[in-house]
Amino acid sequence: MSRDDSVAMSSHGNAWVPRRDLTLPNELLHKIIILLIADCVHTVCMSHENPLWEKTVLETLNDVSPVFRAISCEIAGAAFDVPLDIRDDDRRVQQIVRAKFVFLRHLRDRYGEDSVWHSTFNQTLDAESHDPFVFSYAKYLGCVFFRRSLCNSFPGQLFAGMHSVVLTSLEKCDTTAQTVYPHEITTKLRESIASEIKLAHHSVALVQAFTSLKNHANSMSVLYPCRRRDGSGPVSLQALYYLISSSLGQLEEAYEGYADACLEKLPEVEPNITQFPDAIAALRGLYVLEYTEDDMYGLGPRILSIIGKLSLECPYLGDIPLKQIQDDIATSYRYH
């Protein structure tokens, strides 16, 4: 023990009191507590497990020390818009914030349980009576679960239109979040909104590509037999190859973007791409076709490659087993 520490201890009896230069400045404590509360709110809203510790984070902080209690209640009171006349009452602030945590968790659990998103939409609207922070998270939760439900609930032709509703709501959610003070407490939320917007855009691009590829595959399945039977000369498939290549390029780009956006959302689990409208129909339709006259676009290897990647999440695309796809990819690349 240093001489300074000995002096500090002797001047306060047996209770050790840290020197001034060992204590964190209040500005840093503010920053740490803001980030902690922000992370706890996000965990309460998004965790698959019951976040018991996070729901009581304010009580835990209040038990650390009088300084922690003062700072945490000040931050929570401002962030959750606790009425000014009771912000000095730490116990009341704790009760109000705890109730807001419970509300958000209940909303998240309801969204996770209901198979029909619309049955809980009114609960999100009820959040308008809450402060902007809670309202922003309530709207964000609604957007997340609604977007995820679209994969199984809507056909391809309605998919983009419903995603425009999601994107509009997310933009309003972000605008509301910007009004919350301290601003740093919404950093996690606004980053998640940005990731959600990326997922929505990439999802729309994926479904548009799948729908186009399904239509191109249907057209080619009609034209290819005609090419073999037409006595006046072969039917040129080059224009169709070009269309398939363009849509396949859109699919490849959207696939990478969607995968990257999913990584940003970990540990949350997003729908895999094979669940999207027209995905299986497009991939099966493309797989059974022949591309013997394609010497410009490399369609065969590209199609097998994307099917191989998606087969990691969906081992059987219709009647196409993963092992056969892997063998076909190896053979295809061997001859190109």
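Residues numbered from 1 in each chain as written. Predicted model: local features only at pLDDT ≥ 70, side-chain atom pairs only at ≥ 80, totals over all residues. Heavy atoms only, no water.

K.L.:
In this structure, what is going on with the overall build of the chain? I would like to understand it.
P.N.:
A tally of helices and strands in the chain yields 14 helices and two strands. With 336 residues in all, the chain has 45% of them scored as buried. Of the contacts made within the chain by residues no fewer than 6 positions apart, 70% connect residues no fewer than 24 positions apart. If you sum the accessible surface of the chain, you get close to 17,400 Å²; carbon and sulfur atoms cover 55% of it. (Helix = DSSP H or I, 4+ residues; strand = E, 2+ residues; numbered from the N terminus. Buried < 20%, exposed > 50% of the residue type's maximum accessible area, 1.4 Å probe, protein only. Contact = heavy atoms within 4.5 Å. Areas by Shrake-Rupley, 256 points an atom, 1.4 Å probe, with all protein chains shown as cover.)

K.L.:
Looking at this structure, how should I read the packing of helix α12 (residues 279–287) against helix α13 (residues 299–311)?
P.N.:
Pairs of packed helices are described in terms of their axes, by the angle between the two and the distance that separates them. The contact between α12 and α13 brings their axes to 10 Å, and the two run at 140°. Classed by the angle they form, the pair α12 and α13 counts as oblique. Crossing of α12 against α13: the hand is left-handed. For the pair formed by α12 and α13, the contact residues are L283, L286 and Y287 on the first element and I303, L304, I306, I307 and L310 on the second. Looking at the contact of α12 with α13, its residues break down into eight nonpolar, no polar and no charged. (Axes fitted to C-alpha atoms, helices over the stretch in contact; angles between N-to-C directions. Parallel < 35°, antiparallel > 145°, perpendicular 65-115°, else oblique. Left-handed = near helix turned anticlockwise from the far one by under 90°. Nonpolar A, V, L, I, M, F, W, Y, C, P; charged D, E, K, R; others polar.)

K.L.:
Hey, could you run me through the state of the cysteines in this one?
P.N.:
Taken as a whole and assessed by the stated rule, the structure comprises zero disulfides. Unpaired in this structure, C151 has its nearest cysteine sulfur neighbour in C262, at a distance of 9.9 Å. Looking at C262, the relative accessible area reads 17%, which means it is buried. (Disulfide = S-S within 2.5 Å.)

K.L.:
Honestly, the packing of aromatic side chains in this entry has me stumped. Any pointers?
P.N.:
Between two aromatic rings, the relevant description is the distance of the centres plus the angle of the planes. What the rule picks out here adds up to nine aromatic pairs. An aromatic cluster is defined as three or more aromatic residues linked by ring pairs; in this entry it consists of F80, F101, F133, Y137 and Y140. Looking at R148, its charged tip hangs above the ring of F145, at a distance of 5.5 Å from the centre. (Phe/Tyr/Trp six-rings, centres within 6.5 Å; stacked < 30°, edge-to-face > 60°. Lys NZ or Arg CZ within 6 Å of the ring centre and 35° of its normal.)

K.L.:
Looking at this structure, how should I read the environment of M162?
P.N.:
Relative to the helices and strands, M162 is located in helix α9 (residues 156–177). Looking at M162, the relative accessible area reads 21%, which means it is partly exposed. Spatially, the C-alpha atoms of M162 and L150 are 7.8 Å apart, while their sequence positions differ by twelve residues. If we skip the residues at most four places from it in the chain, M162 touches F146, L150 and F154.

K.L.:
Help me understand unusual backbone geometry in this model?
P.N.:
For residues other than glycine, phi is negative in most cases, and the peptide bonds are mostly trans. Residue P182 is bonded to the preceding Y181 through a cis peptide linkage, with omega at 0°. Within the secondary structure layout, P182 lies in the loop between α9 and α10 (187–229). Non-glycine residue D81 carries a positive phi angle of around 55°. Structurally, D81 can be placed in the loop between α5 (66–79) and α6 (90–113).

K.L.:
Help me understand α12 in this model?
P.N.:
Within an α-helix, residues lying three or four positions from one another point in the same direction, as the helix has 3.6 residues per turn. Within the sequence span of α12, burial applies to A279, A282, L283, L286 and Y287. Projected down its long axis, α12 carries its buried residues within an arc of 125°, all on one side. (Arc of directions from axis to C-beta.)

K.L.:
It is not clear to me how the confidence of the model for the chain should be interpreted in this structure. Could you clarify?
P.N.:
Predicted coordinates in areas of low pLDDT are best not read in detail. With 76% of its residues at a pLDDT of 70 or more, the chain shows a mean pLDDT of 80. The weakest mean pLDDT in the chain belongs to helix α1 (residues 3–10) at 43; the strongest belongs to helix α11 (residues 238–264) at 92. Below a pLDDT of 50 lies the segment residues 16–22, which in the model reaches nine contacts outside its immediate sequence neighbourhood of four places, other chains included. Residue range residues 115–125 is modelled with pLDDT below 50. Its contacts to residues more than four positions away, or to other chains, number 19 contacts. (pLDDT = per-residue confidence, 0-100.)

K.L.:
Could you clarify how one ought to interpret the pattern of salt bridges in this entry?
P.N.:
Side chains that differ in charge, positive against negative, can pair when their charged atoms come close. In total, this model carries 15 salt bridges according to the counting rule given. The salt bridge partner of R148 is E270, with a shortest N-O separation of 2.9 Å. Of this pair, R148 sits in helix α8 (residues 132–153) while E270 sits in the loop between α11 and α12, and the two are 122 residues apart along the sequence. Taken individually, R148 and E270 each receive the classification buried, so the pair is uniform in this respect. K309 is the salt-bridge partner of E256, the closest N and O atoms lying 3.5 Å from each other. Here E256, found in helix α11, pairs with K309, found in helix α13; they are 53 residues apart in sequence, far enough to count as distant. For K309, a relative accessible area of 35% gives the class partly exposed. (Salt bridge = Lys/Arg side-chain N within 4 Å of Asp/Glu carboxyl O.)

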